[in-house]
Structures are given as C-alpha cells and as structure tokens.
Amino acid sequence: MFWFVAGLVLAVVVAYSLMPKPQSVKPNGINDVNTPTSEDGREFPVFRGTCWLEASDTGWLGDFRAKAIKVKSGGGLFGGSKKQTIGYYYYLGLQLFWSIGPIDKFLKLAFGEDKRIGWEGEQAENGTITVNKGNLFGGKKKEGGVGGLVDIEFGASDQSRNAYLQGQIGNDIPAYRGLFALVFRQFYFGTSTYLKKISVLAQCVHTRQDGIAQWYDEKAAILRDTRESLNLSFVLDGSGSMLDIVSGTTTRWDIQEAEIHSALEALKPLAGKAKVGITIYGDEGNPANLFRSIDSSSDIDELKQFISDFPITIPLGTYWSDGMQGAADFFAWAGDGESVVVFTTDGAPTGGQTETDAAIAIRNTIPDVKVHVLNIDLASLTYSNQLDNTGGADVVSSAGGGEITEAALSALQSIGIFDINVAHYIRDALTDPDWGRGLPEVDMGDSFTTAADVFFDEGMGISLRWDRQKPIEEFIEVLLAHADAALYEDRKTGKWELKPIRFNYDPDTLDVLDKSVITKLDKPAWRTFGDLPTAVTVVYTDPDNGKDASAPFSNPALAALQQREKETTLQYPGFHRADLAARVAARDAKSLGSEIFTTDLIGTRALLDYNAGDVIKLDWPEYGISNMIMRVTQGPKVEGRNKIRLPVSTDVYALPDIAPVSAPTDEWVDTAQPPEATDYHIAVEAPYFELIQRAGQSATDALLAENNGVGIILATAVRPAYAINASLYTDAGAGYEESEEVDFCPHAVLAVDIGPTDTVWSITAGVDLTDVRIGSHAQIDGELFRVDAISDTQVTVGRGVLDTVPVPHTAGASIFFWDDYAETDGDDYVASDEIDVKVVPESGSGIADIADITADTVTMATRAFRPYPPGNLLIDSQAYPAVISGSATFAASVAHRDRTQQTSGTLHDTTYSNIGPEVGVTYTWTLYRTDTEAVLQSYSGDNATSKVFTPGYDGEVRLEVKSVRDAKDGWQSLTHTFLFTSEPEMLFESEAAGDQMLDEFGNFMILEGE
C-alpha cells in the first residue's frame, strides 16, 4: 500500500514538472507614459462656478516605479502557492495644471472617460489627500486602480514651493502661484502606462485674482445641488406682534412671509435631496407644523401656501420652546441628513431667560444641529445670540433684504454645489487683469447689482470653463446669451451697465418714438409664419459627468399652423440644471417661434439716449405700426452730424406665452454602476466529494493518505446590484490575496419552518433560480440537500446528502445553490488553519471595496478525511418520530454510507438504503436525557446498523449516532430529540405540575403549577 501511494504522489509531481511554464512579462518604462501636453504659448484656461475640468498641461513627471503583479499559479494538488508575474503596477510622480487660480474648493478626483471617483470630499485650502481605490478598474487581473497621496495646490498669492517636487527636482523651482495644480506623489495609476483620463470637480465662486474677495459675495453663489441630504427646519414667529406695521401697510409677518417664500424658491434645485419643515409657534403648546420631502416644485408651493394661510391672532405669545420642539419633531421624522434650523422672532421670548433656556435645552437634544436665529424688526440680540449656535444672530431689515434666504443657503456651504451668478462672471470677465479685459472696478455701473439680484432670484447660475483660445469679447457674448442680457458702456457716465432682458417695465410709461425723432426705418424685415422653429432643444451640461444633456421644448400649435415641423438646437454649456435648461428652452422657443419685426431706426441725436436692452414704443403708420413695443438690440451708432442708427426688434416679452410641450426623449441611459457588497455569501471547508470532482479520486486518496488533514476551501456569494462576477480573496494570516474569479450562485430564503423529514419547502426572495441544475446539491445552514425540482416559490429536495444529516430549519434561513458555482482559492490547507474569505463583486464599472465586504471564517477540521455519517435513521421503524410510547424499550436503525463509493455524481439522500460500509468505520450510539445531559445508554465499537435501547426513564431524550474511523468522528452525526414514555396515558391524562406533554402540534411542553 505504501509503494502504491508513493507512486501516485510521484506521478502527480512529475506531471506538474512537465507542464509548460508561463513566460515572464516585462514592464514598460517612463517613456511609455502618456500625459497631457499643451502647445507653446497656449494660455491656461479659466473657470467660474463648479466645473468638471481636465488637465491642460503637465508640469513634471518622474519618480517612476513598476512593481510586479504576482498571482498563484497552481503549485499544489488543488492549487498551490507558487506565483507567476502577470503584469505590473505602475507608480508615477506627476504635476498637472488645471486652470488659473486660486480656486475656492476641490471636491472630486475622477479617472477614466466615465469619471470613476477616486476621491471625494471638500478641500478648501492647500493640502494633501489620500486616494485608496486599488480596484477602481477591476484590480490586478484587469486594469488595476488608483491610490496614493495627491497635493492640492489652489494657486494662492502666498503659496509655497511644493516639498515633494523640491525633493525630486531641486529647491530652485517656482511656487506656481496663480495656477490650480495637483501633484501626484509616486501615485499608483493602474496596470498600464497609458494613463486614464484624469478629471477634477472644483469650485471657483467666491475667489478672484490674487485671492481677493468676490464682489457682492452674498449673491455670488447660486445653489445647484447638494452632496448629501439636507433637513431644513424653518421655525417662524407667529405671535400677535408679527401683525405690527413696519412701514405703510407692511407688517412684520409680511416681511417674514416674503423672505421665507424667497428662501423656499431657492431650494427648488434640491428636489429629491431635501426635506423641509415649517413650524409656526405662538399658540402656547400648539405649534403648527407641516413637514415635506421636496420631490418636486409642488412640494415647495404647498409649504408656501401653508405659510400664507396661517391665521395670526393678537393674543399669541413668543414661545421659543414650542418652536424648537417642532424642529426636533421634524428632524426625528426626516432621518439622516445635514440638520439646519432657521429660527425667526420679533421679540424677546415670553418668559425671558426661562423660555430661552427651555429652547436651548431642546436644541441640545438634536445631534449636530445648526440654529440660525434672525430677528424680524428687533434690534436686541440678548436672547437670540444664546439660541443661535452659528456665530451670532442677525437682524432682518425692515424692507426684507434677503437675510433669511442667505441664512438658509449659508447652511448649505459645507454640502452644497454652487454655480456662479452670471452677473458676477460677466463682471469678472470685464475686470480681471490676468485673463479678462482688465477694466477698473470703478467703471462698473450700479446696474450690475440690480442684475445680480435678478439673476439670483431666478436661479440663473452657470458653471463654465473658458479655454482662452478666442477673444474675451466673444466669451462675454456667450455669457450674455446664457443670461439673455445686454451689456453696454453708457455714453453719458462712461460706466459699463448690465441689463437683463425681461418683462420688467410698464408699457404705459414707455417712450414713443415716431417721426418727430425718426426719419427712416432702414432694413425693415418681418420674420413670419412658415419657417419658424417649432421645437427648440437646449444642450446643457450634465452635472454628474460633465457631458452633454438636452432639454427639449416644442410648440405643437405653431407646427400645426405652419403645417410642418422645424427643429433647432442651442448650446448653453454653462447650465448644469435640468430645470433651468428647460426654462431657457421655453424662453428661446418663444423668441424664435414668434413673428418678429426688426429694423434700424434712423433719426436725430435724440436716439443717443437709448442703450442696448432699453424698451420703447414704435409708431410708424406707413407700415401699420402703432405703439409696437420694441427692444433696442444694439447701442446707437453715429453715422453723421445728425444721423443716428438704432437697431430695434419686437420685444418677445410683450408677446403672449406659448403652451409648453416637452418633447419625448429616446436617449439611452447608462445604468452601469460600481457593484455593491453582497448581503449573502458562504465559505466552507470542501467535503470529500468536492475534492474528487476537482482532482480525481486516486490523487485525492493518495494525498489524504499522506496527510489526512489536507483540504481546500470553497466560496461563493449571491449577486448584488450591478455585479457581473466576483473575485475570491483569502487571508490565512498574511493579509488578503486575490485568487480566482467566482461565479455568483442562485439563492433563496426559506419561507416557513421545516422539520428533518420535510422535502417540499416554500421559498421566497429567489435570485437566479432558473440557473439551478436539477440533481445538484445545495446548502441550508449546515445541511447539504439534493435539488429534485424548483420554482420561484417551492423547492423539492432530498435531505442530508454527502457528509451531512437532516435537521430542522427555521423560516428566514438562507439557501445557497452553490454546487456548480463555488470556487477555491487554489491553496491546500491543513487541520486548524484559519482562513478569512471575502467574495468581492465586480462590474463593468469597477470592483467593490474589499473593506466593505464581510468576511466568512473557515477553520479547517479534516472534513474530507472524515467518514460520512450513517443515513436513514428510524426509531421503532419511524423516521424522526415526535413520541415513542407504550413499551420500556425501542429499536433504532440506520443505513451504511461510504464516501469512497459515493463518487459517481448521483447524490443519495438520507432515506437511501445501505451503501458500504466504508472500511474501518464503526458507529457510536448514545442516548441522553435532555434535561441533565446524562447518558442513559450507549453502544460503540461495531458497525451494526440497529440497536435496542432500554432508557429506564420517561421524558425527553436525544439519540445521537456517529460514525468513527481512524479516531476521527464523522463530519456530522445523526441526531433526533423525542419524547419517550413506557406509559402512553401519561402523555394526555396526567396533568400534574412538571409533567411533560404534547400540544396539538406535537410540540413538547411542561405543565406549570397553579
């Protein structure tokens, strides 16, 4: 026997040595690296708002390193620990420039065309971030990932030299002030020297050249979105004094209502990401509340109406604690998110310091809440400053200066994503000395402030990168087109003025221009029905990926009138909000789809009084024009001593609106996502049957004869969302190593409790059940069973196959159909080895973070070598009876099993007749009292398949039958608990306290005394 085993082992070794060996893979060098480059003399770009940017130039690259990727290549019988180089990890030091700086915030770092996120957060000053996404592109078997340290350099005027670059290049390097740059410190870029496209999301709203503060900064930022959920509670004073007159007929309540309405309007971009609560306090102990999740603009409208409808009565008081309790109730309802309170009051709280303390006590129960207190027409901040925990309360001006909106938006500074007010971008383009026209600040007229207010109220924010390849004047025209505004230099003051083109005039007060000042209408033209655009598509920028998105708008009435359709597409890359793009599409559809009269007015010097954007009335009887409202499209031009040219056009804002119809879109939506961690996973020591399926019986038996503790682990998981397959990672003490790819297995959940003889199970929550092979084995808890039939709601099984036995299972137990899907890591393990196992899902968009995966731990226990347990347990010829009664003895029987014979692929369940026995197997039979665990009777040392027991005890007992061979117990033992009594009448007639009885379902119970 020894020589036979030795010969088999030698044959396996020789066969392995003759296998073809894998060829070595050579690494690339630094000259193979691709990085962004720019042409000589090309300017660095500039951006405002929050933009996705691509690197414009490489400042330096070096500090290159290649590290071999080694994987197990199958050194043992079932795998092995020999490693093969399959590629290289590439590390590189790199300096990339993105734009003119300084900037406000650095928000995201992404890689690849699909912008897979390597890092996200908020960096508001120079610093170093850590990227740890080693599996972002599939791990070492695919395109690797990214990781390492990155220095973020904003480009401030006092920026120091980069220490890492000094260490690589030398101390005599620039500090690169005025440029926004990233420095990658020997950064891991993946398994290829062809670098993925690198993109960043950055904000520049509040900072101008040399880091100076933004002009009119309180209206510079316009909310686009948030990076996390917002829970915002408006707590409003509804006391009687809010009806006091502030000026004219305007009350304090009127000011508050207008301010809150404006603040709510500013929150409309947050649909799906915000919850808002309104609490109006005043009626002691009975604050009025309305809580809403902001899913659409109608939710905002409902909150506004709730405020408008609130009835204030004079006797109501200023009960701050009621207001804060309303806020606390709101946050309990809203759940997770940034918690912010905007709290208003028009007087000291009723009860003074006592009421203030009560409100503060409630505030302190709300985790991480920010409370902004605003006084309505109240100068004293004595109590308000105590409740406010954001740096001090503020006073709302008697005219309502937007303080409440500012408070609401300031709460979003740490989580918000902001565009820049288009008025601010235009002003920067005019005044910036580095990239703009460099005009003096004093040359900017007061209209810029008015325009900024208009755009802020409209949410007219843009985020746009300018590559500086065309004249600044052309870029300003792009900004004006976004805003629908006119820019001109006033001939009288010499100042630059910005005028939004809006319906902001009274037609009855407009100047009428007629033959008294006009001598001629030059180049008159009508744009009439017949060839007008009937559909307008606005192309804007998708905020998530920086790619094009579209907002269509159609005018079916015009199409019917013209008896034809005509489409036009307009580019507005600065817009990043779908709702804003839709509004602009409607605006332009009205302008382009209307009958328009255009002409140049030729007249006297009186025309010099009008500038671009002004509105007038035109009276010209020869053309049938009477008081037609016209818009000046360009400033006046002097063509002679008394000849002035003034281009005008019909003002579309004076025309009737068209009914909006959004055209349907058939755009394909990419639903690819990084995979999630799986909730259901399994790892086991493989039974003997699985080893011979992989290596054959002869080789398996030879290896077990040499070392009976050897074995392998098997693992798989259930498919989570977006995943395609998975990789197996194991840690035997030296850290996790990736080994094989793993297929996901089908899975279901047991719907009802089952006993050891049930073979038809109700199941639920099935996943991939059509992939289950009939005749394969599956696992529930520790029991393996054979699948005989399966549907979405039911599975028919054969119980206790291979080295397991049938046992009861409870509803909710997981069922893993892993036979055809589990995989090994390729290593052989021995008894007592402890292996942590993780199945890490992968998709086309990356691989799940291994840190998010829960490990299964397998402790090797010589499973493959152990004998199979016997099968077909019968007690007094009954399978798993609940009660044996009426005799002082009972008989028990089992059926032989032999693991070495059960290798054909046909799985025999526990009810099958004798197979074997395996050579050397004996059975140990033990009967226990369950109340004391005392042994009532036992047998051992032979392989007889039946025994007779005389318990000498009436009550609950447990019978165990285990197989033994070579001093090893079987992997599992046949076990059954039942009620034994030699007097059957005890079961149903005796009712003394402490007696054991059965209920109508066969469950054991012990009677209690009265």
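Criteria and thresholds
Residues numbered from 1 in each chain as written. Predicted model: local features only at pLDDT ≥ 70, side-chain atom pairs only at ≥ 80, totals over all residues. Heavy atoms only, no water. Pairing = 2+ DSSP bridges. Helix = DSSP H or I, 4+ residues; strand = E, 2+ residues; numbered from the N terminus. Axes fitted to C-alpha atoms, helices over the stretch in contact; angles between N-to-C directions. pLDDT = per-residue confidence, 0-100. Contact = heavy atoms within 4.5 Å. Salt bridge = Lys/Arg side-chain N within 4 Å of Asp/Glu carboxyl O. Buried < 20%, exposed > 50% of the residue type's maximum accessible area, 1.4 Å probe, protein only. Core = buried A, V, L, I, M, F, W, Y, C linked by side-chain atoms within 4.5 Å. Nonpolar A, V, L, I, M, F, W, Y, C, P; charged D, E, K, R; others polar. Lys, Arg positive; Asp, Glu negative; His and termini not counted.

As recorded in an unreviewed UniProt entry, the chain goes by the name VWFA domain-containing protein, listed as coming from Marinobacterium nitratireducens.

Caption draft 1: Broad picture of the sheet that holds strand β47 (residues 871–875). The three strands lie next to each other as β47-β49-β52, forming an open sheet whose pairing is antiparallel. Each edge of the sheet is formed by a strand with only one pairing partner; in this case those strands are β47 and β52 (946–949). Neighbour-to-neighbour, the strand axes of this sheet turn through a mean angle of 15°, independent of strand direction. Sheet topology places strand β49 (residues 890–895) next to β52; four bridges connect them, and they run antiparallel. Counterpart to A891 in the pairing with β52 is V948.

Caption draft 2: Seen up close, the confidence of the model for the chain. Residues with a pLDDT of 70 or more make up 90% of the chain, whose mean pLDDT is 87. Residue range residues 657–671 is modelled with pLDDT below 50. Its contacts to residues more than four positions away, or to other chains, number 18 contacts. Taken together, the stretch residues 985–993 has pLDDT below 50 and engages in 18 contacts with residues farther than four places along the chain or on a different chain.

Caption draft 3: Representation of the pattern of salt bridges within the structure. Scanning all chains against the criterion turns up 53 salt bridges. Here D651 and R631 are joined by a salt bridge, their closest N and O atoms 3.0 Å apart. Placement of D651 in the loop between β33 (643–650) and β34 (681–685) and of R631 in strand β31 (residues 625–632) is noted, with a sequence separation of 20 residues between them. Exposure remark for R631: the relative accessible area of 6% places this residue in the buried category. We note a salt bridge from E918 to R965, for which the minimum N-O separation is 3.0 Å.

Caption draft 4: Looking closely at the nonpolar core. The biggest cluster of nonpolar side chains holds 86 residues, and the ones touching the most others in it are F234 and L498. Not counting the four nearest positions on each side in its chain, F234 is found in contact with I260, A263, L264, L267, V276, G277, I278, T279, V342, I404 and A408. If you look at the next biggest cluster of nonpolar residues, it comprises 32 residues, including F137, L182, F184 and I198.

Caption draft 5: Geometry of the packing of helix α9 (residues 422–431) against helix α10 (residues 447–458). Their axes nearest at 8 Å, the elements α9 and α10 cross at an angle of 145°. In this structure, α9 uses V422, A423, H424, I426, R427 and L430 to contact α10, whose residues at the interface are F448, A451, A452 and F455. In terms of residue class, the contact of α9 with α10 is made up of eight nonpolar, one polar and one charged.

Caption draft 6: Quick peek at the side chain of R363. Examined against the element boundaries, R363 turns out to sit in helix α6 (residues 353–363). Comment: no salt bridge for buried R363; closest opposite-charge side chain is D388, at 7.3 Å. In this structure R363 touches M324, V369, V371, Q386, L387, D388 and N389, once residues within four positions along its chain are discounted.

Caption draft 7: Spatial organisation of unusual backbone geometry. In this structure, the amide linkage connecting G101 to the following residue, P102, adopts the cis form with an omega of 0°. A cis amide bond links G916 to the next residue, P917, at an omega of 15°. Relative to the helices and strands, P917 is located in the loop between β49 and β50 (922–929). Its identity is not glycine, yet D781 carries a phi of approximately 50°, on the positive side. Mapping D781 onto the fold places it in the loop between β40 (777–780) and β41 (783–790). Although it is not a glycine, A967 adopts a positive phi angle of roughly 65°. For A967, the location among the structural elements is in the loop between β53 (955–965) and β54 (968–969).

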